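Each chain, letter by letter, is given below.
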Amino acid sequence: QVQLVESGGGSVQAGASLRLSCAASGLPFSSYIMGWFRQAPGEEREFVALITGSSDYTEYADSVKGRFTISRDNAKGTVYLQMNSLKPEDTAVYFCGADGSSSWNTVVWAYDYWGQGTQVTVSS
């Protein structure tokens, strides 16, 4: 059974940093593109960042570019999201997703598996 488990969320003040982790099991992790998405109350889930299986390519939403960094450790089956200079606009539930296709996508429906999400709250 595929399982994705996010952790590392919390409540911080603007300007702080957090590192999210997503531990994957039950799938050939290195064969999957891994993505981070976020969803604020009343809004649709939106793309944040992705990283290909061999870490040869990353993509970021414009809203987080220069502040967030995605990385992965295939030996540990874990993908990370380092979030720096957090803003109140970053407040959301953050989800990791796994995409088994051979080309990267930023759309929600391209992802095959999702974690349960972890809450990030940024106060002014």
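Refer to the structure printed above.
Note that residues are indexed from 1 along each chain, following the sequence as it is written. In keeping with the model being predicted, local features are shown solely for residues with a pLDDT of at least 70 and side-chain atom pairs are shown and tallied solely at 80 or more, while totals for entire chains, interfaces and linings include all residues. Think of the side-chain values as coming from all heavy atoms in the structure, minus any hydrogens and water.

### As for the nonpolar core
Take the buried residues of types Ala, Val, Leu, Ile, Met, Phe, Trp, Tyr and Cys, join any two whose side-chain atoms come within 4.5 Å, and each joined set is a nonpolar core. Each residue is placed in one exposure class: buried if its accessible area under a 1.4 Å probe, protein chains only, is under 20% of its type's maximum, exposed if it is over 50%, and partly exposed if it falls in between. Within the largest apolar cluster, 36 residues are counted, with the highest numbers of intra-cluster contacts made by Met34, Trp36, Leu81, Met83 and Tyr94. Counting residues per element, the ones that place at least two in this core are β3 (18-25), β4 (33-39), β5 (46-51), β7 (68-73), β8 (78-83), β9 (92-99) and β11 (118-123). Numbering of helices and strands starts at the N terminus; helices are DSSP runs of H or I of at least 4 residues and strands are runs of E of at least 2. A total of five residues in this core trace back to one element, the largest contributor, which is β5. In this description, contact between two residues means that some pair of their heavy atoms is separated by no more than 4.5 Å. For Met83, the contacting residues outside a window of four places in its chain are Ala16, Ser17, Leu18, Leu20, Arg67, Phe68, Tyr94 and Val120.

### Considering the state of the cysteines
Disulfides are defined in this document as cysteine sulfur pairs within 2.5 Å. Applying the stated criterion across every chain, the model contains one disulfide. Disulfide partner of Cys22: Cys96, at an S-S distance of 1.9 Å. Its S-S torsion of about 50° marks the bond between Cys22 and Cys96 as right-handed, since a negative value means left-handed. On the criterion of sequence distance, the pair formed by Cys22 in strand β3 and Cys96 in strand β9 is long-range, its members being 74 residues apart. Take Cys22 and Cys96: they sit in the same class, and that class is buried.

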